[in-house]
Amino acid sequence: YTAVENRIPAQGKDGFDCPRCGTFANQEWIELWSRSPNGGVRQFDDVRTMDDAGRWCGAQCARCQNWSVWREDRMMYPVAGLAPLPHPEMPPEAKALYEEAREVVGISRRAGTALARAALERLLKTLDPDAGKANLAERIERIIPKVPDPVGQMLTIIRVAGNASLHVDDDPDDVLVLVLDPGETEIVELIFEAINDLVQE
């Protein structure tokens, strides 16, 4: 998973997995500026408050030529940029939930993680229909012998983080703390990557 971490979109990086086309590509960065009604030019800022709360910049993908937009170190557009595109062979039922999780994870880590858990459960129901009415923990136990250890461990993390994200707890466990930390993008990437890895396996 070390290689995956180097592909995660982050402000200022020369190359990462493009949130628009999904390809690892070089990124060309520019600062975003706005023209005021009186003809002046200034650094683009929050148009609602017209304050200087954060520098805005854009990154253009060398492969697809599309842009991502950033405010300081947070990707503002597209919001699904934190998570990789679904594996091309992901079953449609799981893919719909996976895409919904991608769409919201940039806005709400809690909602994105809960939906990623739902996508995993739907995927396991499709991959292992003989499991009947087993719960998610039992389904993961059934699939673990058939996948590499890192994938099996991440499936358990998705279950635990997804469950925890649905409960408001004054003392959340370590996994949920990492998932909800806006500075920690790697764990979110790995959650979605593990679902894709399961499809690949």
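Residues numbered from 1 in each chain as written. Predicted model: local features only at pLDDT ≥ 70, side-chain atom pairs only at ≥ 80, totals over all residues. Heavy atoms only, no water.

Its 14 residues give helix α2 (residues 92–105) an end-to-end C-alpha distance of 20 Å, which sits within 8% of 20 Å, the value for a rise of 1.5 Å per residue. Within α2, burial applies to Ala 94, Leu 97, Tyr 98, Ala 101, Arg 102 and Val 105. For α2, the angular spread of buried residues about the axis comes to 145°, placing them on one side. (Helix = DSSP H or I, 4+ residues; strand = E, 2+ residues; numbered from the N terminus. Expected span 1.5 Å × (residues − 1). Buried < 20%, exposed > 50% of the residue type's maximum accessible area, 1.4 Å probe, protein only. Arc of directions from axis to C-beta.)

Attention now goes to the packing of helix α3 (residues 109–127) against helix α5 (residues 149–165). Closest axis-to-axis distance for the α3/α5 pair is 8 Å, and the angle between their directions is 130°. The angle between α3 and α5 falls in the class oblique. Viewed along their axes, α3 and α5 form a crossing whose handedness is left-handed. In this structure, α3 uses Arg 110, Thr 113, Ala 114, Ala 116, Arg 117 and Leu 120 to contact α5, whose residues at the interface are Leu 155, Ile 158, Arg 159, Ala 161, Gly 162, Asn 163, Ala 164 and Ser 165. Looking at the contact of α3 with α5, its residues break down into seven nonpolar, four polar and three charged. (Axes fitted to C-alpha atoms, helices over the stretch in contact; angles between N-to-C directions. Parallel < 35°, antiparallel > 145°, perpendicular 65-115°, else oblique. Left-handed = near helix turned anticlockwise from the far one by under 90°. Contact = heavy atoms within 4.5 Å. Nonpolar A, V, L, I, M, F, W, Y, C, P; charged D, E, K, R; others polar.)

The next point concerns the pattern of salt bridges. Overall, the coordinates contain three salt bridges when judged by the stated rule. A salt bridge links Arg 102 to Glu 99, with the nearest nitrogen and oxygen atoms 3.3 Å apart. Linking Arg 102 with Glu 99, this pair stays in helix α2, spanning three residues, or about one helical turn. Under the relative-accessibility criterion, Arg 102 is labelled buried at 6%. A relative accessible area of 24% means that Glu 99 is categorised as partly exposed. Salt-bridge contacts for Glu 121 lead to Arg 117; the nearest nitrogen and oxygen are separated by 2.9 Å. Note that Glu 121 and Arg 117 are positioned in helix α3 at a spacing of four residues, about one turn of the helix. Like Arg 117, Glu 121 is buried. (Salt bridge = Lys/Arg side-chain N within 4 Å of Asp/Glu carboxyl O.)

This is a description of form; function is not addressed.
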